[in-house]
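Letter by letter, the chains look like this.
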Amino acid sequence: MSKLDHVALEVSNLDRAVTFYTEQLAFTLKSRATNEEQQEEYCFLESEGTSLELISDLQKTYAAERKFQRPYCPHICFATDDMEKTLKELQARDIEIVQGPLEIAGEETWVYFADPDGNVLEYIQWYK
């Protein structure tokens, strides 16, 4: 199997999304451009070897509706070594918690949260 290159998320406002991912989640903006042929604006972000592409369809009208349904798929999960600290940071930054923290005793603790477009993200702390 080939190495995973990147994950892509659709966003309604690229400026707002870049601000969220760089200022709230410490990603670094690597590139940003517009694909005139496809009528898409996009960028690539990176954090600790993980590449994330954000794409905005320039022809689409985005609805304000945000519905979260278990099992919250698809979602992107980031590892943390300190869930308590991570939760405090999410709350201090006023980031929407979708569900959690949840725990499987002795194995893991996780929390689902959302970006401004309702894309579900997760932090997980493994105990094993």
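Please read all numbers here as calculations on a predicted model, not as lab measurements.

1. Digging into the sheet that holds strand 3 (residues 40–47)
Spatially, the four strands line up as an open sheet ordered 1-4-3-2, and their pairing is mixed. Unpaired on one side and paired on the other, strand 1 (7–10) and strand 2 (28–35) mark the two borders of the sheet. Within this sheet the neighbouring strands show an average axis-to-axis angle of 20 degrees, counted without direction. Relative to strand 4 (residues 50–57), strand 3 runs antiparallel, the two being bridged by eight bridges. Residue pairing in the sheet places Y42 in a bridge with I55 of strand 4. The strands that helix 1 (residues 14–24) touches are strand 1, strand 2, strand 3 and strand 4; relative to strand 3, the one it contacts most, it runs at about 5 degrees.

2. A few points about the pattern of salt bridges
A full pass over the atoms with the stated rule returns five salt bridges. Close ionic contact of K60 with E10 constitutes a salt bridge, the shortest N to O distance being 3.0 Å. Pair noted here: K60 is in the loop between strand 4 and strand 5 (76–79) and E10 is in strand 1, with a separation of 50 residues, a long-range link. Residue class for K60 comes out partly exposed when judged on its relative accessible area of 39%. Residue classification places E10 among the partly exposed positions, given a relative accessible area of 38%. Here R32 and E41 are joined by a salt bridge, their closest N and O atoms 2.9 Å apart.

Calculation criteria
Residues numbered from 1 in each chain as written. Predicted model: local features only at pLDDT ≥ 70, side-chain atom pairs only at ≥ 80, totals over all residues. Heavy atoms only, no water. Pairing = 2+ DSSP bridges. Helix = DSSP H or I, 4+ residues; strand = E, 2+ residues; numbered from the N terminus. Axes fitted to C-alpha atoms, helices over the stretch in contact; angles between N-to-C directions. Contact = heavy atoms within 4.5 Å. Salt bridge = Lys/Arg side-chain N within 4 Å of Asp/Glu carboxyl O. Buried < 20%, exposed > 50% of the residue type's maximum accessible area, 1.4 Å probe, protein only.

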